[in-house]
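Commentary on secondary and tertiary structure
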Amino acid sequence: FRDGRYFVFDGQHTIIARKILNGNQDVLVKCKVYYGMNEEEESLLFAQQTGVSAPLSAGARIRAEIFGNDPIAVAFYDANNAIGLQLDYDQERGLDRIGCIKTAFDAYKRIGEERYKEAMTILKTAWDGEPDSFRTENVLAITYFVDLYHDQYCPQRLVTQLHRSDPLTIYREGRAIGVNLAGYKKYLFQLLCIYNGNSKKYSLPMKF
């Protein structure tokens, strides 16, 4: 309840359905009402929805957390802005836009801001920010790779090797792998193969 009005943030469809079942006539619906909250607090409450009936999308959740000044979400937003990337809340797909927001946010929290920015800068540079650059599989592969081989790999070589391949290569080749590697490892393996190429001098060992 704010400014003399009630705003429904969870259960809008339920209310509409109840009204339809009541012959499109208004009907009383029991609701939990929150009072005395500012817009930032309301945004954080919105982000905490459990999504029993309709799961909250990653884009909607983090947008609410950013508006509510959640420190980790804001730091994640700022980190991407710093390297010229935007969060694609509505999955519009475009240059330098990250659609797999949950995967990227989880990676940010897992490997830290410095390595996250290093990894995502490599993807952006290698494929000029093309939408397919930031597929879930690529983000998983690059963030695990940078974290695992941080003191061993050459960033410029990785950019060059990736640029020679298609941004869908990691996804396609990874999905073709059998049961020997599961989860992110099959995509990480493809990235390692791309990095190593046919070079003996720059070849990195498999550490996973």
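That block above? That's the structure.
Note that this is a predicted model, so its numbers are computed, not measured.

Analysis parameters
Sequence order as written defines residue numbering, which begins from 1 separately in each chain. A pLDDT threshold of at least 70 governs which residues receive local features in this predicted model, and a stricter bar of 80 or more applies before side-chain atom pairs are shown or counted, although totals over entire chains, interfaces and linings include all residues. By convention in this description, side-chain values take in all heavy atoms of the structure and omit both hydrogens and water. Think of a salt bridge as a Lys or Arg side-chain nitrogen and an Asp or Glu carboxyl oxygen that are within 4 Å of each other. Each residue is placed in one exposure class: buried if its accessible area under a 1.4 Å probe, protein chains only, is under 20% of its type's maximum, exposed if it is over 50%, and partly exposed if it falls in between. Only runs of H or I of at least four residues qualify as helices and only runs of E of at least two qualify as strands under DSSP, and these elements are numbered from the N terminus. When charges are counted, Lys and Arg contribute as positive and Asp and Glu as negative, whereas His and the chain ends are disregarded. Pairs of N or O atoms within 3.5 Å make up the polar contacts considered here, provided that, within protein, one atom can donate a hydrogen while the other can accept it, and that residues adjacent in sequence are counted only when both atoms are side-chain atoms. To get an axis, a line is fitted to the C-alpha atoms, and for a helix only the part in contact is used. The angle between two axes follows their N-to-C directions and goes from 0 to 180 degrees. Throughout this description, any angle smaller than 35 degrees is read as roughly parallel, any larger than 145 degrees as roughly antiparallel, any in the 65 to 115 degree range as roughly perpendicular, and the remainder as oblique. By the convention used here, residues are in contact when the closest approach between their heavy atoms is within 4.5 Å. Note on residue categories: nonpolar means Ala, Val, Leu, Ile, Met, Phe, Trp, Tyr, Cys or Pro, charged means Asp, Glu, Lys or Arg, and polar means any other residue, Gly included. In summary, the pairing rule links any two rings of Phe, Tyr or Trp, Trp by its six-membered ring, whose centres are within 6.5 Å, and it sorts them by plane angle into stacked for under 30 degrees, edge-to-face for over 60 and tilted for everything else. In this scheme, the term charge over a ring applies when either NZ of a lysine or CZ of an arginine sits within 6 Å of the ring centre and within 35 degrees of the ring normal.

1. Section: the pattern of salt bridges
Enumeration over the complete set of coordinates arrives at 13 salt bridges. With its nearest N and O atoms 3.9 Å apart, the salt bridge here joins D3 to R2. For R2, a relative accessible area of 21% corresponds to the partly exposed category. Residue K109 pairs with D106 through a salt bridge whose shortest N-O separation is 3.9 Å. Linking K109 with D106, this pair stays in helix α5 (residues 101–111), spanning three residues, or about one helical turn. Accessibility expressed as a relative area gives 49% for K109, which makes it partly exposed. For D106, a relative accessible area of 32% puts it in the partly exposed group. Among the charged side chains, a network of salt bridges with common partners joins R2, D3, E39 and E42.

2. Examining the side chain of R157
Mapped onto the fold, R157 is located in helix α8 (residues 155–163). One buried charged residue, R157, remains without a salt bridge, the closest side chain of opposite sign being E118 at 14 Å. From its side chain, R157 meets the backbone oxygen of Y195 in a polar contact 2.8 Å long.

3. So, the packing of helix α4 (residues 71–82) against α5
Contact pair α4 / α5: the axes reach a minimum separation of 11 Å and the direction vectors enclose 100°. Considering the angle they form, α4 stands roughly perpendicular to α5. For the pair formed by α4 and α5, the contact residues are I72, A73, A75, F76 and A79 on the first element and I101, A104, F105, Y108 and K109 on the second. Tallied by class, the residues present in the contact of α4 with α5 amount to nine nonpolar, no polar and one charged.

4. What about the packing of aromatic side chains?
Given two aromatic rings, one states the distance between the centres and the angle between the planes to describe the pair. On inspection of all chains with the given rule, the structure shows 11 aromatic pairs. Seen in terms of ring centroids, F145 and Y153 are 5.4 Å apart; in terms of plane orientation they differ by 80°. Their pairing is edge-to-face. Exposure class is identical for F145 and Y153. Each is buried. Three or more aromatic residues link up through ring pairs in this structure, and these residues are F76, F105, Y108 and Y116. When the ring centre of F7 is taken as reference, the NZ or CZ atom of R2 above it lies at 4.9 Å.

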